[in-house]
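Residues per chain are reported as follows:
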Amino acid sequence: MPITFLIKFLNTELLTHKELTMSNVYSAMVGSYPRPAGLAKLINRFNSGKISSEDLELGYEKYTYRLLKFLTKLNIDYFTDGMLRWDDIFNPLINYVDGVKVNGLYRFYENNFFFRAPQVVGKVRLMDDCPIPQWFKKSSEILESVIKELGIKSRPVLKPVLPGPLTLAINSLNERYSNMRELIGDYVFEVLTPLIKALRDLGAQVIEIHEPELTYGRVDPGLKCYVAGLLGRISYDLKIKLWIQTYFGSASNALECFKFISNNIVGIDLVASRDDYLNYIHNFSYYDSLAVGVYDSRSTVLERSRIIRWYVAKFLKLRIGNLFIANNAPMDFIPEVIAVKKLRRLSKFTKWLKSKVGGVAR
Amino acid sequence: MISLPILPTTVIGSYPRPKWFREIIKGYKNGRYGEELLKEASDDAVVSVISDQEEVGIDIPSDGEMRRDEMVEYFAERIEGFRFYGPVRVWGNNFFRKPAVVSKITYIRPIVVDEYLFLRRHSSRPVVKVTITGPYTIADWSFNEYYNSKEELAFELAKVIGTEIKKLEEVGSLFVQVDEPALTTHPKEMDWAVQAINKAVEGVNIKVGLHVCYSNYSLLKPYFDELRVTQFALEFANRGFRDLEVVKGLSKELGFGVIDVHSRVVEEPEYVAKALFKIMEYLSPEYIYVNPDCGLKLLPRSIAKAKLRAMVEGVMIVRRELAKKGLTEIPLRNKV
Ligand SMILES: [Zn+2]
């Protein structure tokens, strides 16, 4: 096909369907933002006793302010605070869980990235001094000041992030529980539920739960659906929206269990789903909310908007209530300069898309 | 033919940089010292760490990889086709400058030949070891913006690495170790990854070892015969000498990892000897080299040296037993 024709085709395909206006379109950033080199340096200086914890705290606040300002200026509608205080999706949370010791380094799925594994030696229970809700409060205050400073009217949504119970359990070195469901249950009710409650009470509208294990495909579907059922139940019981973020695997591996969380926001990694997505995306028809991860957080190649347009067009036909255009996974795997470029592109693309199909303009 | 004492002792490659050398590198990076001073300090650092190794009795020393900050970065900086965008996190607060392939991979000039020549001039041992990061690991630890697939990239890198190994052969190097820590991390890619390594060593007539660490060796075992190397340098101390049966029936040499490089506790010579007696139940002593699990660079220098000393003393215990059976030497094998 000649390239000019292809471009024409891609442009028109998106615009000739009346049903396109069905979706509200939003831009979103999920997961971590690459820890800036300056912040990493401060952390090193703190670890070697050269600066105080107050100085380090000021550093965290400064870099959080920078990031939130950048994201707000880009008109990203939903974002995290970049998880700048986190080493990986489990740490430091597992430092604040009774019954868990922090073990050695293990590979995080197929990445050249390693996490400190939770070693479960007793009944798991969240400790009272877990600072994660306070960090959210601090980031919310910083965002508040950014909004004021920039004079923004419609406010972006800040999402706190937590690891999902399945991903936590599967990546744990379990020396205590004889049965996986029991461990998952305790992670849900003894660790995540109190955190979610605390975050909700501090004003969180949406909580991002990372569950790569749902789509990675090494556990049986029954267990995945059990976990999805639990997540659906927490969301209902606590009256809070969860953003269940999957990655590193095709969404086709979790279609069954997405049904249990379809009142929430389901995040899929379209880059990992690219080979077969056309076979199954009709399953997302009439979903309340879907976040499509089209910007690849594991590659330095910058996405061309033409290609993104082509993928997104397929989803616009599905009459999804709220369609979020996002990155596909945490951004620890790329350098910061690349993350900046990708977020700029994401912002620009979504702005353009909103101008075509409606959606909530900011 | 060159012969070595039975159970030759060696290192995997890296060794802690002396403290004074780290200070000079820091000064160089922030502009306080120039290129010339850095070069002089690098040379002196290599001489120091060769001396550490030889003093404790290592048979086959390396240059401690004094000149290399990181095993992929170092090669990517010296091969055309790469560019660096910035640091990427590996774990916790640890980062590495992950390279990106942005144009055709091309061999420009020798990468580690000078390292070898310097080491050769300053070591008193007949055989020294040069390490080279393998094509698969370089491909796996890089972003690929240029080639259609990681496989294509790995084979292009294999040509470059192959050229370098042949250059080393031309200038007289006797023993090259290819490092492939990533080899088993994507099991689905192993078939072609092994072919890429074979491509890199095609037509090479000197001794080539392959180092793979912190990996699932049961994934590697099916490729033992197919890989065209004479030796596998594997890590066993870290795993408490479990999985030894994996080398049962190995028709090549084993570089047996007996020192845990992640622990600051110095092993007892008897502990090393015990591990050696155990591995000899699976493999003939004439096919065993002895080394730490992996590079020593993360340890304090004094501990690294003490660990090597304990390793050599442990080997001596076993050598005395083997001498009673008349086993005292093995040939340096280029083929098995
Ligand atoms: Zn190693």
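The structure under discussion appears in the preceding block.
Residues numbered from 1 in each chain as written. Chains lettered and ligands numbered in written order. Predicted model: local features only at pLDDT ≥ 70, side-chain atom pairs only at ≥ 80, totals over all residues. Heavy atoms only, no water.

(A) Looking closely at the overall build of chain B. Scanning chain B from terminus to terminus reveals 10 helices and 11 strands. Its C-alpha radius of gyration of 19 Å places chain B within 12% of the 20 Å reference for a compact globule of 336 residues. Expressed as lengths along the three principal axes of its C-alpha atoms, the size of chain B is roughly 60 × 45 × 40 Å. For chain B, with 336 residues in total, the buried portion stands at 60%. The contacts in chain B between residues at least 6 apart in sequence include a share of 74% that link residues at least 24 apart. When the 47 basic and 48 acidic side-chain charges of chain B are each reduced to a single mean position, those positions are 2 Å apart. (Helix = DSSP H or I, 4+ residues; strand = E, 2+ residues; numbered from the N terminus. Rg over C-alpha atoms; globule rule 2.2 N^0.38 Å. Buried < 20%, exposed > 50% of the residue type's maximum accessible area, 1.4 Å probe, protein only. Contact = heavy atoms within 4.5 Å. Lys, Arg positive; Asp, Glu negative; His and termini not counted. Charge placed at Lys NZ, Arg CZ, Asp CG, Glu CD.)

(B) Quick look at the nonpolar core. By size, the foremost hydrophobic cluster in this structure holds 117 residues, and its most contacted members are Phe-108, Ile-196, Phe-258, Phe-284, Leu-290 and Phe-315 of chain A. Ignoring any residue separated from it by four or fewer positions in sequence, one finds Phe-284 of chain A in contact with Ala-251, Leu-255, Phe-258, Ile-268, Leu-290, Phe-315, Leu-318 and Ile-320 of chain A. Core analysis: the second largest hydrophobic core is formed by 115 residues, Val-72, Val-127, Val-176 and Ile-303 of chain B among them. (Core = buried A, V, L, I, M, F, W, Y, C linked by side-chain atoms within 4.5 Å.)

(C) Representation of the coordination of the zinc ion. Residue and element names in this part refer to chain B. At this site the zinc ion is bound by His-211 (NE2), Cys-213 (SG) and Cys-294 (SG), with donor distances of 2.1 to 2.3 Å. We note that the donor set of the zinc ion lies within a single chain, spaced as H-x1-C-x80-C. You can see Cys-213 sitting in the loop between strand 7 (207–212) and helix 8 (217–220) and its partner Cys-294 sitting in the loop between strand 10 (288–291) and helix 10 (301–324), a full 81 residues away along the chain. Owing to a relative accessible area of 7%, Cys-213 belongs among the buried residues under this scheme. (Donors = N, O, S within 2.8 Å, 3.2 Å for Na, K, Ca; no water.)

(D) Just the interface of chain B and chain A, in detail. Across the boundary between the two partners, chain B contributes 18 residues, which contact 23 residues of chain A. Between chain B and chain A, roughly 1,900 Å² of surface is buried when both sides are summed, and carbon and sulfur atoms account for 54% of that area. Taken together, the links from chain B to chain A amount to two salt bridges. As a salt-bridge pair, Arg-89 of chain B and Asp-332 of chain A come within 3.0 Å of each other at their nearest N and O atoms. (Buried area = accessible area lost by both parts, 1.4 Å probe. Salt bridge = Lys/Arg side-chain N within 4 Å of Asp/Glu carboxyl O.)

(E) Just a positive patch on the surface, in detail. A surface patch of like charges, here positive, comprises Arg-304, Lys-341, Arg-345 and Lys-348 of chain A together with Arg-83 of chain B. Examined against the element boundaries, Lys-348 of chain A turns out to sit in helix 13 (residues 336–357). Take Lys-348 of chain A: its relative accessible area is 67%, and that puts it in the exposed class. (Patch = residues over 30% accessible without salt bridge, like charges linked within 9 Å, V, L, I, M, F, W, Y side chains within 5 Å. Areas by Shrake-Rupley, 256 points an atom, 1.4 Å probe, with all protein chains shown as cover.)

(F) Geometry of empty space enclosed by the protein. Residue and element names in this part refer to chain A. Enumeration over the complete set of coordinates arrives at five cavities of 30 Å³ or more. Of the voids in this model, the largest cavity is the one considered here, and its volume is about 180 Å³. Forming the boundary of the largest cavity are 18 residues, of which Asp-81, Trp-86, Trp-135, Phe-136 and Ser-139 lie nearest the centre. Residue assignment for the lining of the largest cavity shows that the elements contributing at least two residues are helix 3 (53–73) and helix 4 (132–150). The leading source of residues in the lining of the largest cavity is helix 4, at six residues. By residue class, the composition of the lining of the largest cavity is 11 nonpolar, two polar and five charged. Of the volumes computed, that of the second largest cavity is approximately 90 Å³. (1 Å grid on protein atoms, 1.4 Å probe; cavity = no way out; pocket = protein on both sides within 12 Å on 5 of 7 lines; lining within 4 Å. Points joined across faces, edges and corners; volume = space filled by probe spheres on them. Nonpolar A, V, L, I, M, F, W, Y, C, P; charged D, E, K, R; others polar.)

(G) The arrangement of the environment of Glu-77 of chain B in detail. Residue and element names in this part refer to chain B. Secondary-structure assignment places Glu-77 in the loop between helix 3 (73–76) and strand 2 (79–91). Sequence-wise, Glu-77 and Pro-99 are 22 residues apart; in three dimensions their C-alpha atoms are separated by 8.4 Å. In contact with Glu-77, other than residues within four places in its own chain, are Phe-84 and Arg-97. Polar side-chain contacts of Glu-77 include one of 3.2 Å to the side chain of Arg-78. Side chain to side chain, Glu-77 and Arg-97 meet in a polar contact 2.8 Å long. (Polar contact = N/O pair within 3.5 Å; in protein donor to acceptor, adjacent residues only side chain to side chain.)

(H) Region of interest: unusual backbone geometry. All names here are of chain A. Geometrically, the link from Asn-91 to Pro-92 is a cis peptide bond, its omega value of 15 degrees lying close to zero. Looking at the secondary structure, you find Pro-92 in the loop between strand 2 (78–79) and strand 3 (97–107). Of note in the backbone geometry, Phe-248 takes a positive phi value of approximately 70 degrees without being a glycine. Residue placement: Phe-248 occurs in the loop between strand 9 (241–245) and helix 9 (255–258). Judged by its relative accessible area of 8%, Phe-248 falls in the buried class.

(I) Focus on the sheet that holds strand 2 of chain B. Residue and element names in this part refer to chain B. Strands sit in the order 2-3-5 across an open sheet of three strands; the sheet is mixed. Single-partner strands in this sheet number two, and they are strand 2 and strand 5 (143–144). The strands touched by helix 6 (residues 150–170) are strand 2, strand 3 (94–107) and strand 5; relative to strand 3, the strand with the most contacts, the crossing angle is about 85 degrees. (Pairing = 2+ DSSP bridges. Axes fitted to C-alpha atoms, helices over the stretch in contact; angles between N-to-C directions.)

(J) Quick look at the packing of aromatic side chains. All names here are of chain A. Here the structure, examined in full by the defined rule, presents 33 aromatic pairs over all chains. Between the aromatic rings of Phe-108 and Phe-248, the centroid separation amounts to 5.7 Å while the plane-to-plane angle is 75 degrees, which identifies the pairing as edge-to-face. Residue Phe-108 is found in the loop between strand 3 and strand 4 (114–126), and its partner Phe-248 is found in the loop between strand 9 and helix 9; the two are separated by 140 residues along the sequence. Here Phe-108 falls in the buried class, since its relative accessible area comes to 2%. With a centroid separation of 5.9 Å and an interplanar angle of 35 degrees, the aromatic rings of Phe-349 and Trp-352 are classed as tilted. Of this pair, Phe-349 and Trp-352 both sit in helix 13, three residues apart, roughly one helical turn. In this structure Phe-349 comes out as buried when scored by relative accessible area, which is 3%. A relative accessible area of 25% means that Trp-352 is categorised as partly exposed. By the ring-pair criterion, three or more aromatic residues cluster together here, those being Phe-90, Tyr-106, Phe-108, Tyr-109, Phe-113, Phe-115, Tyr-216, Tyr-247, Phe-248 and Phe-333. (Phe/Tyr/Trp six-rings, centres within 6.5 Å; stacked < 30°, edge-to-face > 60°.)

(K) Here's a closer look at the packing of helix 1 (residues 19–29) of chain B against helix 2 (residues 35–55) of chain B. All names here are of chain B. In contact at an axis separation of 10 Å, helix 1 and helix 2 are set at 160 degrees when each is read in the N-to-C sense. The angle between helix 1 and helix 2 falls in the class roughly antiparallel. Classified by chirality, the crossing of helix 2 by helix 1 is left-handed. Across the interface between the two elements, Trp-20, Phe-21, Ile-24, Ile-25 and Tyr-28 from helix 1 touch Glu-35, Leu-37, Leu-38, Ala-41, Ser-42, Asp-44, Ala-45 and Ser-48 from helix 2. A per-class count over the contact of helix 1 with helix 2 returns nine nonpolar, two polar and two charged. (Parallel < 35°, antiparallel > 145°, perpendicular 65-115°, else oblique. Left-handed = near helix turned anticlockwise from the far one by under 90°.)

In short, shape yes, function no, at least from these values alone.
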